[in-house]
Amino acid sequence: MGRLTVGALRTVLVLVLAGTVFVQALMVWALATDPEDGSLPLTPLRVITILGMVSVQVALVCVWRLAAMVRRETVFSHAAFRYVDGVIGAIVAAALVWFAVTAINAPGQRDDPGVTVIMGGVGVAILGVALIVLVLRMLLAQAVARDVEAAQMQAELDEVI
């Protein structure tokens, strides 16, 4: 992974992190100052938004750390699993947050339940992304095992020579 690629990724990560912090600050401000008028359950939606932004921030930090490991060529180590697991957990948390939004929105969609079904489908798709990352984690585990095996074989070969 080149220096330009890592720099571009880090720029995107910083921008998204700043955006999520901004949204969280707005939601906290709205919780403290803006009363509900009764038309929508705003307080639960604002709290859910804050929690959703936390899950995004956890994923961003984990991806930042993984990019640093790639740059240092240390990603094929057991330390990388902690960050991959963090990404998986953040994606699952985001799916749960989305399902909570779907549940809060569902009573208002009695006339058109298709919206709720579509929102549920989006939640399942988010869980699908977590499964894809889990498969990638398994591939990383195989690569780490091969790397360890190669290092052991090289050590044995060095002893023979």
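**Points about the pattern of salt bridges**
And step 1. Enumeration over the complete set of coordinates arrives at one salt bridge.
And step 2. D85 is the salt-bridge partner of R137, the closest N and O atoms lying 2.5 Å from each other. Here the residue R137 occupies a position in helix α4 (residues 114–160), and D85 occupies one in helix α3 (residues 79–105), the gap between them amounting to 52 residues.
And step 3. By relative accessible area, R137 is classed as partly exposed at 24%.
And step 4. Accessibility expressed as a relative area gives 35% for D85, which makes it partly exposed.

**Quick notes on the nonpolar core**
And step 1. Ranked by size, the top nonpolar core spans 15 residues in total, and within it L66, M69, A80, V84, V133 and L140 carry the most contacts.
And step 2. Secondary-structure elements contributing two or more residues to this core are α2 (42–71), α3 and α4.
And step 3. The element that contributes the greatest number of residues to this core is α3, accounting for seven residues.
And step 4. Ignoring any residue separated from it by four or fewer positions in sequence, one finds A80 in contact with L66, M69, V75 and L140.

Rules of the game
Residues numbered from 1 in each chain as written. Predicted model: local features only at pLDDT ≥ 70, side-chain atom pairs only at ≥ 80, totals over all residues. Heavy atoms only, no water. Salt bridge = Lys/Arg side-chain N within 4 Å of Asp/Glu carboxyl O. Helix = DSSP H or I, 4+ residues; strand = E, 2+ residues; numbered from the N terminus. Buried < 20%, exposed > 50% of the residue type's maximum accessible area, 1.4 Å probe, protein only. Core = buried A, V, L, I, M, F, W, Y, C linked by side-chain atoms within 4.5 Å. Contact = heavy atoms within 4.5 Å.

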